[in-house]
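Secondary and tertiary structure notes
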Amino acid sequence: MGGQAQVVTFALDWLLRHGENIREVVVLHVSPPPSLPVPHARVRRALEQLSGEFAGDRYQTTPCRLRLVPIRRESQRLADITDEADAEAAWQTIYHLLVALKVPSRPLHLCIAGGRRIMGLLTLSAAILLCDHRDCLWHMYTPDDFMARARDGAILHAAPEDGVRLIRVPVVPWGAYFPGLRDMVRSPAEVIAGQTALLDAAEQVRCEAVIERLTPRQRDVLRWLAAGYTPQEVADRLDITLATVHSHKAVIFDHCRSAWNLPETATLSYHMLPERFGAYFQVRAKSHRQRTTIHARAHHQ
């Protein structure tokens, strides 16, 4: 949340109206010091407004506890998110909060409206890793005219006819499909590395699916094209005609369309082969060299 307390109450009202049983509301926020002027003063005022809405651990007539969670960088509360170190601290706060909330295996409703935009993006990043199919990620839609009237907490509760609603954001919970990622990832940099590893693994599977369907000569053509050589240069190196290279290339493209789920009418260029297969062949060559070295050492010993 930023300086708009109504973001929290609008979301909670909508969820309760749609039959959700909400017993705790957790609000993530920055902590501008008292010396800072507007717009930072709005954050302090919004937190005070929210605390008043949850007096006695009740929200109107419903038992519901409010928990305010400030973003911290080490032991210090963050006044704002201004650089990558602040973003790292915010991600860590969100990550460990979600871990704690998921321990009882309860479904979560995550509303990414309000506050600094990067807070929503960081929450999305952590949610992809930690949430499962029972959890919901929400965006809030508020009509412009009503948003203007409700600004700065002037209106804290929206009636159904006011048009405020939550829109569910479709998210693939990768952590639920690959639980090992949750143990591996402990920082935004590791999230990026983990996502890259998943993509690389998927690309490797597709490359292998193509290669398995090729003849030895077609594999030779693919290997040289993937290394960045032109069809004519490949023909010269393999001592075959250019027409034969193009014939093999057509077969390779047919298998690529199948592996990458491309339509049969999709136009492919030989320039895509270095992009798709270049790293694959480099990794295989490196692995082969390592195995050869290990075998040589073992034979020597």
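Note that the structure is a prediction, hence the values are computed from the model and not measured.

**With respect to the side chain of T9**
Checked against the element boundaries, T9 lands in helix α1 (residues 6-17). Overall, the relative accessible area of 0% leaves T9 in the buried class. Setting aside residues no more than four positions away along its own chain, T9 makes contact with L50, E53, Y59, L156 and H157.

**A short note on the packing of helix α9 (residues 216-226) against helix α11 (residues 242-259)**
Where α9 contacts α11, the axes come no closer than 9 Å and their chain directions differ by 90 degrees. Classed by the angle they form, the pair α9 and α11 counts as roughly perpendicular. Contacts between α9 and α11 involve R217, Q218, V221, L222 and L225 from the former and V245, H248, K249, V251 and I252 from the latter. Looking at the contact of α9 with α11 residue by residue, the class counts come to 6 nonpolar, 2 polar and 2 charged.

**Digging into the sheet that holds strand β8 (residues 136-141)**
For sheets, the rule is that strands pair by backbone hydrogen bonds, running either parallel or antiparallel. A sheet is described by the order of its strands in space; here 3 strands give the open sequence β7-β8-β9, paired in mixed fashion. In this open sheet, the two strands that pair with only one neighbour each are β7 (109-111) and β9 (165-168). For this sheet, the mean angle separating the axes of adjacent strands, direction not counted, is 40 degrees. Strand direction decides the pairing type here: β8 and β9, joined by 4 bridges, are antiparallel. Bridge pairing in β9 links M140 to L166. The strands that α1 touches are β7, β8 and β9; relative to β8, the one it contacts most, it runs at about 115 degrees.

**Points about the nonpolar core**
Counting 30 residues, the largest nonpolar core has V25, L50, F54 and M140 as the members making the most contacts within it. For this core, the elements supplying multiple residues, two or more each, are α1, β1 (24-29), α2 (40-53), β8 and α5 (144-150). Excluding anything up to four places from it in sequence, F54 contacts L12, V25, Y59, C64, R65 and L66. If you look at the next biggest cluster of nonpolar residues, it comprises 25 residues, including L101, L122, L130 and L137.

**Concerning the environment of L121**
Checked against the element boundaries, L121 lands in helix α4 (residues 117-130). When the C-alpha positions of L121 and W91 are compared, they lie 9.5 Å apart, and in sequence the two are 30 residues distant.

**With respect to the pattern of salt bridges**
Oppositely charged side chains can pair when the atoms bearing their charge come close. All chains considered together, the criterion is met by 10 salt bridges. For the salt bridge of R67 with E24, the shortest nitrogen-to-oxygen distance reads 3.2 Å. With R67 in strand β4 (residues 65-70) and E24 in strand β1, the pair connects residues that are 43 residues apart, well separated along the chain. The class of R67 is partly exposed, set by a relative accessible area of 27%. We note a salt bridge from D132 to K102, for which the minimum N-O separation is 3.2 Å. Linking D132 in the loop between α4 and β8 with K102 in helix α3 (residues 84-102), this pair joins segments that are 30 residues apart in sequence. A network of salt bridges, in which partner residues are shared, links K102, D132, R134 and D135.

**Description of the packing of aromatic side chains**
A complete count under the given rule lists 7 aromatic pairs for this structure. Taken together, a centroid distance of 5.0 Å and an interplanar angle of 20 degrees make the contact between W91 and Y95 stacked. Placement of both W91 and Y95 in helix α3 is noted, with a separation of 4 residues, approximately one turn of the helix. With relative accessibility at 1%, the residue W91 sits in the buried group. For Y95, a relative accessible area of 4% gives the class buried. Ring centres 5.8 Å apart and planes at 75 degrees place the aromatic pair W260 and F277 in the edge-to-face group. Linking W260 in the loop between α11 and α12 (272-300) with F277 in helix α12, this pair joins segments that are 17 residues apart in sequence. The pair W260 / F277 is uniform in exposure class, with both members buried. Among the aromatic residues, those joined into a cluster by ring pairs are W260, F277 and F281.

Basis of the calculations
- Residues numbered from 1 in each chain as written.
- Predicted model: local features only at pLDDT ≥ 70, side-chain atom pairs only at ≥ 80, totals over all residues.
- Heavy atoms only, no water.
- Helix = DSSP H or I, 4+ residues; strand = E, 2+ residues; numbered from the N terminus.
- Buried < 20%, exposed > 50% of the residue type's maximum accessible area, 1.4 Å probe, protein only.
- Contact = heavy atoms within 4.5 Å.
- Axes fitted to C-alpha atoms, helices over the stretch in contact; angles between N-to-C directions.
- Parallel < 35°, antiparallel > 145°, perpendicular 65-115°, else oblique.
- Nonpolar A, V, L, I, M, F, W, Y, C, P; charged D, E, K, R; others polar.
- Pairing = 2+ DSSP bridges.
- Core = buried A, V, L, I, M, F, W, Y, C linked by side-chain atoms within 4.5 Å.
- Salt bridge = Lys/Arg side-chain N within 4 Å of Asp/Glu carboxyl O.
- Phe/Tyr/Trp six-rings, centres within 6.5 Å; stacked < 30°, edge-to-face > 60°.

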